[in-house]
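Below, each chain spelled out in residue letters.
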Amino acid sequence: MSHRTLVLRSEARDAVPQVLDVVFMNVLAMKIRHDYRQLVISEADDLDEAADFVEVPERFRHNYRTYQVSDGTHSGFVVCGALQLRHDPTS
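K.L.:
Outline the sheet that holds strand β1 (residues 6-9), listing residues and values.
P.N.:
Ordered by their spatial adjacency, 3 strands build an open sheet running β1-β2-β7, and the pairing between neighbours is antiparallel. With partners counted over all chains shown, the strands left at the sheet margins are β1 and β7 (82-88), one partner each. Taking the axes of each pair of neighbouring strands and ignoring which way they run, one obtains an average angle of 20° across the sheet. As defined by bridge partners, strand β2 (residues 19-25) adjoins β7 across 7 bridges and the pair is classed as antiparallel. Its bridge partner being in β7, Val 19 is matched across the sheet by Asp 88.

Following this line, the structure appears as structure tokens:
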């Protein structure tokens, strides 16, 4: 994996025995919490906070997406090139 990869991993529980990884690749910037009780990820509508944090040159903007990361109370963001979901069926 690249050094510019962020992985958020769920905990296996009785109701959901599989581990789910949310993998952000080619990360340019992030502002996230240490952990989340629940996780909601969506493409960000408001790009102001991320734009104040990192400036992506116009010629590269088509290569990146800004995702809002939230637990319903606290909100942050990740600016990255791609997002993948992976699950570990052996967990």
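Now that the structure has been shown, we can carry on.
K.L.:
Explain the sheet that holds strand β5 (residues 65-70) to me, and be specific about the residues and the numbers.
P.N.:
Sheet architecture is open: 4 strands sit in the order β3-β6-β5-β4, paired in antiparallel fashion. The strands lining the two open edges of the sheet, one partner per strand, are β3 (29-31) and β4 (40-43). Put simply, the sheet's adjacent strands are angled 20° from each other on average, direction ignored. Both β3 and strand β6 (residues 75-80) contribute to a ladder of 3 bridges, which runs antiparallel. Paired with Lys 31 across the two strands is Phe 77, which belongs to β6.

About the thresholds
Residues numbered from 1 in each chain as written. Predicted model: local features only at pLDDT ≥ 70, side-chain atom pairs only at ≥ 80, totals over all residues. Heavy atoms only, no water. Pairing = 2+ DSSP bridges. Helix = DSSP H or I, 4+ residues; strand = E, 2+ residues; numbered from the N terminus. Axes fitted to C-alpha atoms, helices over the stretch in contact; angles between N-to-C directions.

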